[in-house]
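Commentary on secondary and tertiary structure
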Amino acid sequence: MAYTKELLDQIGLGADRLEMHFVSSAMGREFAQLVTEMTGRIEELGPSPLREREPDQ
Amino acid sequence: MSDFEPQIVAFCCHYCAYAAADLAGSLRVQYPPNVKVVRLPCTGKLDTMHVLKAFEKGADGVMVAG
Amino acid sequence: MIIGEQKTLEEIKKLVADHDRILILGCGTCVTVCFAGGEKEVGILASSLRMATEIDNQEKVFDEATVQRQCEWEFLDAVEEEIQSHDLVLSMACGIGVQAIVERFPEARVAPAINTTFLGLPEEHGLWTERCAACGECILHLTAGICPIARCAKSMLNGPCGGSQGGECEIDPEVPCAWQLIYDRLKAQGRLDQMLEVMPARDWSTGRDGGPRKLVREDLRLQSQDHE
């Protein structure tokens, strides 16, 4: 994970776009919560710099 | 920026987070529809290459859960 | 095996700056097992470069290929078409692989994506250390199987020197003193008398000091080459 995050920084995408969480099979609510939070954080970061030039994707 | 809908790929372990996502559905817990879940036999199977491919294909964020 | 380490993405971006069609060529031997330039690393580098150049608003093509061994022409011939159809080959092999491409395909432009670091072994996951200096005259039978040429900072034949402190080399506390290792091993085997054998100054011309080296095996040469 640390290696991949560093790579994302070097590429110019930013390490913040990758997250890892521990979720057990009984954590349905927590999973939904994590996904909602992650969506919020990515909304703040804005679209991936790779996507900006591909509006139809 | 308000119409920006993030594309997120979630790599999930079949036995942990994938089951949790399933449970979230059974419990009728709402979560954003822009998350695409990719089921892995185990998150140990995840490779840097899979994460890079997700970004290369246009993902805005990648989540690993297991 | 030959150990290598990938250059930083920043450095590699500079290497490909003036080229549009780039072939990233991996090697399936040494650099595959030390995770520096095998098929997997080729994929990761190609994907990283594709994204990085797109973010920088540049248009470049990065194709991928991996051969079993870049240091043998037979294997390179299998990818001749790919090599000729790109304006840069970014080799992820050791320095030998890079030069093999250049010699086989004189028109090809080749750049190294990894640094060839040393001849060594993986001590544990993610840790490689040097073991051989390819000096051309092996003396491991005299030194308890531990090489003082590669592992002693001074390549001393009769050690340890005064810089050996508590089993460590004075250059770095992380580096074990090769002669301490030799002493410990000889002692454990009850062969300490070996330490008293003084090794005479040696002829270093079998190593790099003798200039570029060459090995000829007449028994293996083909008939046609005998009369060159």
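Structural notes, computed from the coordinates. (Residues numbered from 1 in each chain as written. Chains lettered and ligands numbered in written order. Predicted model: local features only at pLDDT ≥ 70, side-chain atom pairs only at ≥ 80, totals over all residues.)

Attention now moves to the nonpolar core. Counting residues in each nonpolar core, the largest one holds 74 residues, and the members touching the most others are F31 of chain A, A17 of chain B together with I24 of chain C. Non-local contacts of A17 of chain B, meaning those with residues more than four positions away in its chain, are made with V23 and F31 of chain A together with C12, A65 and G66 of chain B. Formed by 11 residues, the second largest nonpolar core is a distinct cluster that contains C152, C169, W179 and L181 of chain C. (Core = buried A, V, L, I, M, F, W, Y, C linked by C-beta atoms within 7 Å. Buried ≥ 20, exposed ≤ 12 C-beta atoms within 10 Å, placed from the backbone. Contact = placed C-beta atoms within 7 Å.)

Our next topic: the interface of chain A and chain B. Taken together, the contact between chain A and chain B spans 30 residues of the former and 32 residues of the latter. Listing elements by their share of the side of chain A that touches chain B, those giving two or more residues are α1 (2-11), β1 (18-21) and α2 (28-45) of chain A. It is α2 of chain A that contributes the most residues to the side of chain A that touches chain B, 10 residues altogether. Along the lines of polarity and charge, the residues of the side of chain A that touches chain B split into 14 nonpolar, 10 polar and 6 charged. Here 4 bridges tie β1 of chain A to strand β3 (residues 61-65) of chain B, and the two strands are oriented parallel to one another. (Helix = DSSP H or I, 4+ residues; strand = E, 2+ residues; numbered from the N terminus. Nonpolar A, V, L, I, M, F, W, Y, C, P; charged D, E, K, R; others polar. Pairing = 2+ DSSP bridges.)

In this section: the interface of chain C and chain A. Contacts between the two partners involve 7 residues from chain C and, on the opposite side, 7 residues from chain A. Taken together, the elements giving at least two residues each to the side of chain C that touches chain A come down to α1 (9-15) and α3 (39-55) of chain C. Ranked by residue count, the leading element in the side of chain C that touches chain A is α3 of chain C, at 5 residues. Taken together, the residues that form the side of chain C that touches chain A break down as 4 nonpolar, 1 polar and 2 charged.

Its 17 residues give α3 of chain C an end-to-end C-alpha distance of 24 Å, which sits within 8% of 24 Å, the value for a rise of 1.5 Å per residue. Buried within α3 of chain C are the following residues: E41, V42, L45, A46, S47, S48, L49, M51, A52 and T53 of chain C. Buried residues belonging to α3 of chain C abut α1 of chain A, α2 (48-56) of chain B together with β1 (2-6), α1, β2 (21-27) and β3 (61-67) of chain C. (Expected span 1.5 Å × (residues − 1).)

The subject of this paragraph is the environment of W128 of chain C. Residues and elements named next belong to chain C. By the secondary structure assignment, W128 is in strand β7 (residues 127-132). Using a count of 19 C-beta atoms within 10 Å as the deciding quantity, one classes W128 as partly exposed. The spatial distance from the C-alpha of W128 to the C-alpha of C34 is 8.3 Å, given a sequence separation of 94 residues. Apart from the residues within four sequence positions on either side, W128 is in contact with I3, C34, G120, L121, P122 and E123.

Remember, this is a structural readout, not a statement about activity or role.
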